[in-house]
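Residue-level structure breakdown
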Amino acid sequence: MRTRQPFHVMTKPIGPICNLDCEYCFYLEKEELYPETRSFRMEDSVLENYVRQYIETQPTNEVVFAFQGGEPTLMGIPFFERTMEFQRKYRRRGMTIQNTLQTNGTLIDDDWAKFFKKNNFLLGISLDGTPELHDKYRFDKQRRPSHHNVVRGIRYLQKHQVEFNILCVVNEHNAQKPLEVYNYVKSLGVEFMQFIPIVEHFGDGEAVSPRSVGARQYGDFLVAIFDEWVQKDIGKVFIQIFDIALEAWLGYNPSLCIFNQTCGNALALEHNGDLYSCDHYVSPEYLVGNVMEQTMREMTESDFQIKFGRDKQDTLPQYCLDCEVKFMCNGGCPKNRFIKTPAGEDGLNYLCQGYRHFFNHIDKPMKLMATTLERSQPAASIMPLMQKAQTAKNRIPRANQPKRKRRRKK
């Protein structure tokens, strides 16, 4: 008998509809899945059925609802107020419910910020760096820049003390300036960050779009930020991939789905109740069912979905199985496993070179932090050691310093 596992659903209450038209957005095209649909707004009957089933199906008393898009704030505050009502209606005694919402931040005002604070929402705000870096690919339908409006939204959240993370999409443009991105986000008073690589794969080969970050480029981007962080910001700034890496170096299975040994526990729910295997696999062949026709338990525990999750582990090439950082990477996200290994095997992650470079680079500091934590000491206590090591690395040995040529006296 299978043990019921917690699962997460990324809810798309307005489907792929958005007020922005970011060049690299992979979800805008999902509108084509529903060519006859005039309104992508989730109806209350679907919302209530989803909330009820999601709560009933979770095996724990800690439940997280996640809203994404498109742009979910286009649904308006009344929709989310009804969501809160349904959650209260079906909440089990002793259950803790948390709500998260991923947004571009441009529509956030005083009313939204008050609502988020009142209902204890955790927000993810998309911001790709400075105005020049952010506005390269993120603009509205009239191709007007969006950076100013995003920062305005951030200021409203800070005014009302709403918790939020910054989600920075790393592309070929901003990847060239890692410390500029990092220090700019810090300058906004942000403590929590995620750096998500953009990989746009075309066709059946290994080609990616010009916007896509290079594999080694992404690794170098992370290395530059890590080296800054490990000397100055441990315990002050929290970066998702660093936190997940520390889990692995402490001996745990990384909790982030892309680095977990298996996947299949992070599904996507469209506006009409259609449930898909994953946010990155919203296509007809990965449609698991519909919450108005089947129970979420039937769909999440189906043989199809179980196989989808296990395929990540079962189809790893030997190159990955033999890799020294497999304990951390586990092959990465299956959507990016479309290149061949040096031996010609299928299924290697496009970002492999970058991941391998980064995870090997952080090995010693991570071991130090893990040992420090196991001794019940704060991880930040390693920063002086890291600063000392960097100083030694930067110091040119006197014997190797260039010497001025002495002029001969005439």
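The rules behind the values
- Residues numbered from 1 in each chain as written.
- Predicted model: local features only at pLDDT ≥ 70, side-chain atom pairs only at ≥ 80, totals over all residues.
- Heavy atoms only, no water.
- Helix = DSSP H or I, 4+ residues; strand = E, 2+ residues; numbered from the N terminus.
- Buried < 20%, exposed > 50% of the residue type's maximum accessible area, 1.4 Å probe, protein only.
- Contact = heavy atoms within 4.5 Å.
- Axes fitted to C-alpha atoms, helices over the stretch in contact; angles between N-to-C directions.
- Left-handed = near helix turned anticlockwise from the far one by under 90°.
- Nonpolar A, V, L, I, M, F, W, Y, C, P; charged D, E, K, R; others polar.

With that settled, the discussion passes to the side chain of Asn165. Turning to its location among the elements, Asn165 is positioned in strand β5 (residues 163-170). Classification of Asn165 as buried rests on a relative accessible area of 17%. Ignoring anything within four residues of it in the chain, the contact list for Asn165 reads Leu122, Leu123, Gly124, Ile125, Phe192 and Gln194.

Look at the link from Gly69 to Gly70: it is a cis peptide, with omega at 10°. Relative to the assigned elements, Gly70 resides in the loop between β2 (62-67) and α2 (77-90). The backbone of Asn120 shows a phi angle near 60°, a positive value even though the residue is not glycine. Here Asn120 shows up in the loop between α3 (110-118) and β4 (121-126). Positive phi is not limited to glycine here, since Asn330 has a value of about 55°. For Asn330, the location among the structural elements is in the loop between α12 (326-329) and α13 (352-361). The exposure class of Asn330 is buried, given its relative accessible area of 3%.

Another point: the packing of helix α1 (residues 44-57) against α2. With their axes 9 Å apart at the nearest point, α1 and α2 run at an angle of 40° to one another. For the crossing formed where α1 meets α2, the hand is right-handed. Where α1 approaches α2, its residues Asp44, Leu47, Glu48, Val51, Arg52 and Ile55 are matched on the opposing element by Phe79, Arg82, Thr83, Phe86, Gln87, Lys89 and Tyr90. Within the contact of α1 with α2, the residues separate by chemical class into 6 nonpolar, 2 polar and 5 charged.

Interpretation note: all reported values are geometric properties and have no functional meaning in isolation.
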